[in-house]
Amino acid sequence: MATVELRDLAKSFGTAAAVDRVSLHVPSGAFVTLLGPSGCGKTTTLRAIAGLVEPDSGAILLGGEDVTRAPIHRRDIGMVFQSHALFPHMTVAANVGFGLRMRGIGGADRDARVREALALVRLEAFGDRFPAQLSGGQQQRVALARALVIRPRVLLLDEPFGALDRKLREAMQQELRELTRRLGATAIFVTHDQEEAMILSDSVAVMNAGRIEQVDDPAGVFERPRTRFVADFMGMGNVLAVEAGATGSMRHGGIELRADADAAAPPRHVAIRAERVALRPATGAPPEPNAAEGTLLDAVYHGSLTTGRVRLDAAPSTTMLAREASATQDAAGWRVGARVRLSWTASAVRMLED
Amino acid sequence: MTALHRLVVALVAAFILAPIVVVVAVSLTDSPIPEFPPRGLTLRWYAHALSEDVFTTSALNSLWLATAATALATPLALAAAYGLVRGRFRGRDAIQTLLLAPLVVPSLVIGLAILLAFSGMGVRDVGARLVGAHVLITFPYMVRTILASLARLDPAVEEAARTLGASALRCFVLVTLPLVRPGVVAGMLFAFIVSFDNVSLSLFLTNARTNTLPIAILNYVEYNFDPSVAAISTMLVAFSLGAALLVERLVGLRRVVGG
Amino acid sequence: MRRGTALLLLAPAVLLIAALLGAPLAWLVRFSVHEGQVGVAPAGALTLAHYAKALGDGFYLEVFARTLGMALVITLVSAVVSYPLAHFMWQAPRRWRAALTILALSPLLVSIVVSSYGWMVILGDQGVVNRALLATGLASRPVKLMYTDLAIVVGLVHIVMPFMTLSILAALERIDPLLGEAAATLGAPRWRILWHVTLPLALPGIAAGTTIVFSLAISSYVTPAVLGPSGSNFITTLIWQQFTQLMNWSFGSALAALLLALSLAVVFGYVRLLTAAGVFGGPGRGAA
């Protein structure tokens, strides 16, 4: 498996920039996810690596070799599509063997490698079937075997589990994770599902409007978003506009916030993950940093967690979210309309770049 | 669905089928003039029709003509449809309109224009101008059917083949073509019927010595009214409807005819 | 696919159209603006006299007017006759679909010489209709049906019906089936659903069908020639006469060019007009 390097990759469709000077380094054997909402350029980036889209400028290197202008069929990549894209007129074995056939590998060698690839995805017995005779999950596993059997330099996956139901999706994620680790495959995965990105990846590149906003390991993008977009997309819950206050602190309305890190420039926004905000009955105690009192507007139960929405006294146009384990809720404090006190630690306050 | 609606539909169906049913019935009548309902049953008009040189010679001409037109139109239409669907360039819609243009220009005008132009160029060969004209009018139907088949093909299937190492040509031969084959075959069948049944173009381009079957029938009824015309017409109907049934099975007639 | 590859694939087809349609039409137009001909080539001075004659002479104008009038009648009748069938096909169970499609398209699938012959047998003086009329005493002697305008209308409506039916059906199939149910839950009886929901939404299909049928009707030759009264009563039969009997190729070409312009104007102009009027509901819809 090889490294993948993107240098200032750009592609416009008409006047709209789909990919806007994207640079990314994927080490050999790493599993990297391009994460973002639809239209953020993640699929275009992936298709450019595959050669299915010709970039306007920039370079794509596979294992150090510049393949920016190389024809699709000479790139040695394995690609898995959301629609599976199995050849409906060929058997499962012929599908898996297609890439080997294109490489002039035939006979017993091909058969052996097809069998091996099908074993990898636990479909040894299905070689003679046609794609239409398989379930959605089985079809996706055939697609995976077909992409892997050619021992590609990089495995590209374009929302491969988007069409599967939740349970099957989770099983497939597990399977894909194990398989790529075992094979040491370099993989680039595209999804709009942040949970999926975190489960699978060694590192996550969050994309927005054609650019990569942040590349980090899953915990990094989840806990330490650098920009407002990433904070928002990773579901921080609270993104507050702030002004510089006295002695290194910040103010949002009448609320004083303190962080445990120093920003180079005073930030204009901070993010506080809702799970890290504690919600207790109001005490009427005088204002202090990293705390605020208000009224509980509603409490939404979603299984193991419950989210409370609170209108703050010191900033009436702001509602803050606090999320706690349902099991630990204090029933008295969570009554709608109740007076409550929110508090958080300095380490929970994340200063954002704009 | 109300009873009134059903009654109306039954009447409309009767109207649609009337001339065809009458022709088939008349072909079996045992009287020397076309009578409906037929008097007695006989197959002798079929024997008579098949012994008439005007019918057999022209039927062979029609067969040859439809085969040639279809064979020439198919590769052209296949290439053009593929270029239209997969190519991205300005003026695509204009080119598509141009390729379907033979359907909106009145047949009479096409026939006359070809007749004048071929004579002007000194091409007197009836076969050449017939084949030219029939390629022209069968071609749009083929383009339309193949376009419809290609539109239903998931482009990711072709992309998968390319990423797996297939060149554009191998991808077309091994993946695209097998998947659109029903559409291509249906288009060919329909083109064959269109050519075989055509009257309005052939009328201008045939002459007394070289005829197509429909023109021979048209000429025959001008002077004869015996049921052998009904017999040959019935065979023509059976042939066309059989092919149409196949097209319906393969891709659905509506995709070919449009609308 | 690269632009060059696509254009290369399209080139033979474009050449075919250019050689077999474009060039011959240009040649025909060339004929129409020359005084006359020598042998098979246009000759004499350049002139618009043939067009002036076609558009200025009362006789020819009358033929044009008659053709347009007949086409209008045929279009209206075919819309009225096709709608119930299209509606039926739309609502019929799926397993009837193939049979109904073949039925609806059969006029198109059967050679026009066959159906014309059929109409001769039905409408002739000793035909099916007249024998029924005589047998029931509704008429004392055969009514003249063949070689009349009525026969042209019957024959042409039959031939153009598939296009009208398919256009309407295509529009009906775009209707969200929930709309009818919604109207029903709001208390609309069946006929009011038809009038207020289905028909307005089928309008783009009826409009598209009207376009196709009208342009087919004005340019049809075989039916008027075979079933209609003798003499030049359609533009097409008039053109035929100029070419085969009067050997006036230049004037015939001018008439043919006018017919072409008229039918293209109908196809493209009418669609544009209806689109502007909002009949086609939005981009990408309409013209079949």
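Residue positions are counted from 1 within each chain, in the order its sequence is given. Just so you know, chain letters begin at A and ligand numbers begin at 1, following the order they were written in. In keeping with the model being predicted, local features are shown solely for residues with a pLDDT of at least 70 and side-chain atom pairs are shown and tallied solely at 80 or more, while totals for entire chains, interfaces and linings include all residues. Only hydrogens and water are removed before side-chain values are computed, so all heavy atoms of the structure are retained for them.

Helix and strand content of chain C: 12 helices and 2 strands. Under the scheme used here, helices are H or I runs from DSSP no shorter than 4 residues and strands are E runs no shorter than 2 residues, and both carry numbers assigned from the N terminus. Helices (α) and strands (β) of chain C occur, in sequence order from the N terminus, as α-β-β-α-α-α-α-α-α-α-α-α-α-α. In chain C, which comprises 288 residues, the share counted as buried stands at 51%. Note on contacts: a residue pair is in contact if any heavy atoms of the two residues lie within 4.5 Å. At a minimum sequence separation of 6, the contacts of chain C that also span at least 24 residues come to 65%. For every accessible area listed, the method is Shrake-Rupley and the probe measures 1.4 Å; residues are considered covered only by the protein chains on display. A total accessible area of about 12900 Å² is found for chain C, and carbon and sulfur atoms account for 68% of it. Each charge class in chain C was averaged separately, 16 positive and 8 negative side chains, and the resulting centres sit 10 Å apart. Buried residues are those whose accessible area, probed at 1.4 Å on protein chains only, stays under 20% of the maximum for their type, while exposed residues exceed 50% and partly exposed ones sit between those limits. We count Lys and Arg on the positive side and Asp and Glu on the negative side, and we leave His and both chain ends out. Charge positions come from single atoms, namely NZ of Lys, CZ of Arg, CG of Asp or CD of Glu.

Okay, the interface of chain C and chain B next. Residue-level contacts link 76 residues of chain C with 85 residues of chain B. What gets called buried area is simply the loss in accessible area from a 1.4 Å probe that two parts show on being joined, summed for both. Approximately 7000 Å² of surface area, both sides summed, lies buried where chain C meets chain B, with 84% of it carried by carbon and sulfur atoms. It is Leu20, Leu109 and Tyr117 of chain C that lose the most area in chain C upon contact with chain B, and together they represent 10% of the buried surface on that side. For this analysis, a polar contact is any N or O atom pair within 3.5 Å, provided that within protein one partner can donate a hydrogen and the other can accept it, and provided that sequence-adjacent residues contribute only side-chain to side-chain pairs. Linking chain C with chain B are 6 residue pairs in polar contact (both at pLDDT 80 or more), by the criterion used here. Take the side of chain C that touches chain B: its biggest share by element is 17 residues, from helix α1 (residues 3-32) of chain C. Only Asp, Glu, Lys and Arg are considered charged, only Ala, Val, Leu, Ile, Met, Phe, Trp, Tyr, Cys and Pro nonpolar, and every remaining residue, Gly among them, polar. The class makeup of the residues in the side of chain C that touches chain B is 60 nonpolar, 12 polar and 4 charged.

This brings us to the pairing of strand β7 (residues 154-158) of chain A. All names here are of chain A. β7 sits mainly inside the fold: 5 of its 5 residues count as buried. With burial as the criterion, each face of β7 is covered, one bearing Val154, Leu156 and Asp158 and the other bearing Leu155 and Leu157. The pairing criterion is simple: DSSP has to find at least two bridges between the two strands. Across 4 bridges, the pairing between strand β6 (residues 77-80) and β7 is parallel. Note on β7: the bridge partner recorded for Ile77 is Val154.

Turning to the packing of helix α1 (residues 3-26) of chain B against helix α3 (residues 58-91) of chain C, a few remarks are in order. Axis definition: a line fitted to C-alpha atoms, over the contacting stretch in the case of helices. Angles run 0 to 180 degrees between N-to-C directions. It is the contact of α1 of chain B with α3 of chain C, at a shortest axis distance of 9 Å, that shows an interaxial angle of 115°. Between α1 of chain B and α3 of chain C, the angle falls in the class roughly perpendicular. Considering the relative orientation of α1 of chain B and α3 of chain C, their crossing is left-handed. Counting all contacts with α1 of chain B, which are made through His5, Arg6, Val8, Val9, Val12 and Ile16 of chain B, the residues of α3 of chain C involved are Val81, Pro84, Leu85, His87 and Phe88 of chain C. Of the residues contributing to the contact of α1 of chain B with α3 of chain C, the split by class is 8 nonpolar, 2 polar and 1 charged. Each angle is binned into one of four classes, with values under 35 degrees roughly parallel, values over 145 roughly antiparallel, values of 65 to 115 roughly perpendicular, and all other values oblique. Handedness of a crossing is defined here by the sense of rotation of the near helix relative to the far one, left-handed for an anticlockwise turn of less than a right angle and right-handed for a clockwise turn.

Residues and elements named next belong to chain B. Under the convention used throughout, the expected extent of a helix is 1.5 Å for every residue step, that is, one less than its residue count. With 26 residues, helix α6 (residues 126-151) should reach 38 Å at 1.5 Å per residue; the first-to-last C-alpha distance of 38 Å fits that figure. One fitted axis covers the seven residues ending at a residue, a second covers the seven starting there, and the bend at that residue is the angle between these axes. Of all the bends in α6, the greatest reaches close to 30° and is centred on Thr138; the proline Pro140 follows between one and four positions later. Among the 26 residues of α6, 23 are classified as buried, and the element is accordingly described as predominantly covered.

In this section: the confidence of the model for chain C. Residue and element names in this part refer to chain C. On average, residues of chain C score 89 in pLDDT, and 96% of them reach the 70 mark or higher. What pLDDT conveys is the predictor's confidence in a given residue, as a value from 0 to 100. In this model residues 282-288 is a low-confidence stretch, pLDDT under 50, and it forms 12 contacts with partners more than four residues away in sequence or in other chains. Interface scoring of the predicted complex returns ipTM 0.90; its pTM is 0.83.

This next bit is on unusual backbone geometry. Between Phe36 of chain B and the following residue, Pro37 of chain B, the backbone shows a cis peptide bond with an omega angle of -5°. With respect to the element layout, Pro37 of chain B can be found in the loop between α1 and α2 (44-51). Positioned with a positive phi, His84 of chain A is a non-glycine residue whose angle comes to about 70°. Residue His84 of chain A is classed as buried on the basis of its relative accessible area of 10%. Phi at Arg122 of chain A takes a positive value of approximately 60°, unusual for a residue other than glycine. Mapping Arg122 of chain A onto the fold places it in the loop between α3 (107-120) and α4 (136-148).

Of all 11 residues making up helix α2 (residues 92-102) of chain A, 8 are buried, and the element is well covered by its neighbours. The elements touched by buried residues of α2 of chain A are α3 and α4 of chain A together with α7 (155-163) and α8 (168-197) of chain B.

The next subject is the pattern of salt bridges. Counted as salt bridges are all cases of a side-chain nitrogen of Lys or Arg within 4 Å of a carboxyl oxygen of Asp or Glu. Counted according to the given criterion, the structure contains 28 salt bridges over all chains. The salt bridge involving Arg131 of chain C is made with Glu35 of chain B; its shortest N-O contact spans 3.4 Å. Highlighted residues: Arg131 of chain C in helix α6 (residues 128-136) and Glu35 of chain B in the loop between α1 and α2, drawn from two different chains. Overlapping salt bridges, with partners in common, bring together Asp20, Arg21 and Arg211 of chain A in one network.

Moving on, we come to the environment of Ser57 of chain A. All names here are of chain A. Looking at where Ser57 falls in the secondary structure, it is placed in strand β4 (residues 57-62). Between the C-alpha atoms of Ser57 and Arg21, which are 36 residues apart in sequence, the distance is 8.3 Å. Those residues within four positions of Ser57 in sequence are excluded, and the remaining contacts are Asp8, Leu9 and Ala10.

Let's shift gears to the pairing of strand β18 (residues 305-312) of chain A. Walk down a regular strand and you will see the side chains alternate between the two sheet faces. All names here are of chain A. Relative to β18, strand β17 (residues 291-302) runs antiparallel, the two sharing 8 bridges. Across the sheet, Asp298 pairs through a bridge with Arg309, a residue of β18. In this antiparallel pair of consecutive strands, β18 and strand β19 (residues 319-325), the connection spans 6 residues.

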